[in-house]
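One-letter residues, chain by chain:
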Amino acid sequence: MPRCVVTRRVHFNAAHRLTNPRFSDAENERVFGVCNNPNFHGHNYNLDVSVEGEIDPASGYVMDVNRLKEVVTECLVRHLDHKNLNLDVPWFQDLNPTAEHIAVVCWRVLEPAVKPARLVRIRLWETERNYVDYHGT
Ligand code: NI
């Protein structure tokens, strides 16, 4: 059976502050710049979730994208959208909410939820110009 990669994009907006509690204020400012703003700042995130698998001969799908959308919404977007990542989301209680870390969290949450399709890429857009890719390694 031929195999395909299927991608669904979802959107959420959230606030965060990049900070390392082990750094001094000056180091935090130097490393994270405006992203260290004590009163947080927001992003309109786009999240591209890609799954790979065999095309089912009956449906012609690898995975129904509507089901993929529902899984991503239920497992992730519901917990992230309109939230302060540092304060409201337990996943980031002890994890600096950089785009890299958000992508890894998204992978860990989604990887078991999309089975039997195989999660192959999380692409998190933090701005229109910046994105990070995570492939689960
Ligand atoms: Ni930021």
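Residues numbered from 1 in each chain as written. Predicted model: local features only at pLDDT ≥ 70, side-chain atom pairs only at ≥ 80, totals over all residues. Heavy atoms only, no water.

## Notes on the nonpolar core
The line we're drawing: Residues belong to a common nonpolar core when they are buried Ala, Val, Leu, Ile, Met, Phe, Trp, Tyr or Cys residues joined through side-chain atoms within 4.5 Å. Burial here depends on accessible area, computed with a 1.4 Å probe over protein chains only, as a share of the maximum for the residue type. Under 20% is buried, over 50% is exposed, and the range in between is partly exposed. Numbered from the N terminus, helices here are DSSP runs of H or I no shorter than four residues, and strands are runs of E no shorter than two.
Counting 34 residues, the largest nonpolar core has F12, L47, V72, I122 and L124 as the members making the most contacts within it. Elements that contribute at least two residues to this core include exactly β1 (3-16), β2 (41-54), α2 (65-80), α4 (99-110), β4 (118-125) and β5 (131-134).

## Considering the side chain of S50
Short version of the rule: Here a polar contact is recorded for every N or O atom pair within 3.5 Å, except that within protein the pair must consist of a potential hydrogen donor and a potential acceptor, and residues adjacent in sequence are included only if both atoms are side-chain atoms. Contacts are assigned to residue pairs with any non-hydrogen atoms lying within 4.5 Å of each other.
Looking at the element boundaries, S50 is found in strand β2. On the basis of relative accessible area, S50 is assigned to the buried category, the value being 2%. Of note is the side chain of S50, whose polar atom sits 2.6 Å from the side chain of T7. Sequence-distant contacts of S50, defined by excluding residues within four places in its chain, comprise V5, V6, T7, R118, L119, V120 and R121.

## Some remarks on the sheet that holds β4
Heads up, the rule is: In this description, strands pair whenever DSSP reports at least two bridges between them.
Overall, mixed pairing links the five strands, which are arranged β3-β1-β2-β4-β5 in an open sheet. The strands lining the two open edges of the sheet, one partner per strand, are β3 (83-84) and β5. Across 14 bridges, the pairing between β1 and β2 is antiparallel. Directly across from V10, in β2, lies its bridge partner L47.

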